[in-house]
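# Observations on the three-dimensional arrangement
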Number of protein chains: 2
Amino acid sequence: MLRLTKKADYGLIALKFLAEHPEASAVSAKDVAEAYKIPAQLLAKILQTLTKKGLLRSQAGMNGGYALARDARAISAFEVILAIDGPLFITSCTKGEKSCELKTSCTIKEPLARVNETIAGVLQSISIQDLAEQARPAAKGQLEPLVSVTL
Amino acid sequence: MLRLTKKADYGLIALKFLAEHPEASAVSAKDVAEAYKIPAQLLAKILQTLTKKGLLRSQAGMNGGYALARDARAISAFEVILAIDGPLFITSCTKGEKSCELKTSCTIKEPLARVNETIAGVLQSISIQDLAEQARPAAKGQLEPLVSVTL
DNA sequence: GAAACACGGACCGGAACGGTCCTATACTGA
DNA sequence: TCAGTATAGGACCGTTCCGGTCCGTGTTTC
């Protein structure tokens, strides 16, 4: 259903990694790439765009690299995906100029748009911190609910 | 976020149309295509696959066409999308043979898989009938909630 | 038997995606 | 100061997928 691009995937992985290593003042793209066997050049670009979008801070030069621009709790998965893949709507006719030629045609879109909003809401409620935490504890009791949504 | 292919879009539109015309014993692909300015040949194929998946009944020959195989209430948007686009997971590494080489890498995937399940749940709870109903009433009071999900 | 329909394979152009290469710039440490 | 390591970013490229078309076959009705 929801398809994440590999880039968005890589981005989330990298941010999670950064969240897990707060002690390091900066982590290079190469380090992350090697840790997860991700193409280094590609990851570098992804991190660059995340930096441009204000999610990361970067430092050039030796011992340079990237660090979270904000607290891991204040960065949502939604932001990351949005920054990397850009806005993706369900509707193929993305409410651009001419909505759908035939206004009657798009009666389906309205309910689906609400589905889209739900998904966005779910993604917004999941922080990088959540990703990092869920990763470690290894089944300590059952997982607590991440979100609860109504649309 | 969630991206529907145009094919799935067309499929939903067509099913909604069929749900709105229960009096007709069969509606031809051409008719639906013309009503919504959808490429006829393309729509034909979509309806064919939906027929193969058991969502539609087809009848060849003159005055033939398609009709819902079940009650519009018993067909979910999820089924339609699944039938047309096939299973789409969030994870790029679609839990195939080798999950991700590095098992440690995929710690992100588990929370996202749950997001995916939520989306699926939302889509499953929306029937073709819902789409057809939401289309008509034209703001009779506020829209009632479609779903409520917890993950 | 001809028209209208469903079926289904082959094909194709374009866009997007994943990925690489190459160059420029910035910072650090010896 | 110079070499090495890092970010920054443009150009490019192969593959895949998606939307769409074309063609031929089978089936039913008039």
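Everything below is about the structure printed above this text.
Just so you know, these numbers come straight off a predicted model, no measurement behind them. (Residues numbered from 1 in each chain as written. Chains lettered and ligands numbered in written order. Predicted model: local features only at pLDDT ≥ 70, side-chain atom pairs only at ≥ 80, totals over all residues. Heavy atoms only, no water.)

### Some thoughts on helix α4 (residues 77–85) of chain A
The cut-off we apply is this: Exposure categories follow from relative accessible area, calculated using a 1.4 Å probe and restricted to protein chains: below 20% of the type maximum is buried, above 50% is exposed, and the middle band is partly exposed. By the criteria applied, helices consist of DSSP H or I runs no shorter than four residues and strands consist of E runs no shorter than two, each listed in order from the N terminus.
Every buried residue belonging to α4 of chain A is among Ala77, Phe78, Val80, Ile81, Ala83 and Ile84 of chain A, and all of these are buried. Looking one or two residues past α4 of chain A, Gly86 of chain A carries a phi angle of roughly 80 degrees, positive in sign.

### Observations concerning helix α4 (residues 77–85) of chain B
Taken across its nine residues, α4 of chain B has seven buried, putting it largely inside the fold. Among the residues making up α4 of chain B, those that are buried are Ala77, Phe78, Val80, Ile81, Ala83, Ile84 and Asp85 of chain B.

### Let's talk about the packing of aromatic side chains
Aromatic rings considered in pairs are described by the distance between their centres and by the relative angle of their planes. Residue and element names in this part refer to chain A. For the record, the criterion: By convention, a stacked pair of Phe, Tyr or Trp rings (six-membered ring in the case of Trp) has centres within 6.5 Å and planes under 30 degrees apart, an edge-to-face pair has planes over 60 apart, and any other such pair is tilted.
Overall, the coordinates contain two aromatic pairs over all chains when judged by the stated rule. Considering the side-chain rings of Phe17 and Tyr36, the 5.6 Å spacing of their centres and the 85 degrees angle between planes classify their relative orientation as edge-to-face. In this pair, Phe17 is assigned in helix α1 (residues 6–20) and Tyr36 in helix α2 (residues 29–36), connecting sequence segments 19 residues apart. You can call Phe17 buried: its relative accessible area is 14%.

### Looking at the protein's contact with DNA strand D
How we decide: Proximity is defined per residue: any heavy atom of the residue falling within 4 Å of a molecule or strand makes that residue near it. Whenever a nitrogen or oxygen atom comes within 3.5 Å of another N or O atom, the pair is scored as a polar contact, on the condition that within protein one atom can donate a hydrogen and the other can accept it, and that pairs from neighbouring residues in sequence are kept only if both atoms are in side chains. In this count, Pro and Cys sit with the nonpolar residues alongside Ala, Val, Leu, Ile, Met, Phe, Trp and Tyr, while Asp, Glu, Lys and Arg are called charged and the others, Gly among them, polar.
Surrounding DNA strand D, one finds 26 residues, the nearest of these being Ala29, Lys45, Ser58 and Tyr66 of chain A together with Lys6 of chain B. Contacts to DNA strand D include Gln41 of chain B, whose side-chain N or O atom sits 3.4 Å from a base nitrogen. Contact distances for DNA strand D include 3.2 Å between a base oxygen and a side-chain N or O atom of Lys45 of chain B. Elements supplying a minimum of two residues to the surface near DNA strand D: α3 (40–52), β1 (56–59) and β2 (65–68) of chain A together with α1 (6–20) and α3 (40–52) of chain B. Considered class by class, the residues forming the surface near DNA strand D number nine nonpolar, eleven polar and six charged.

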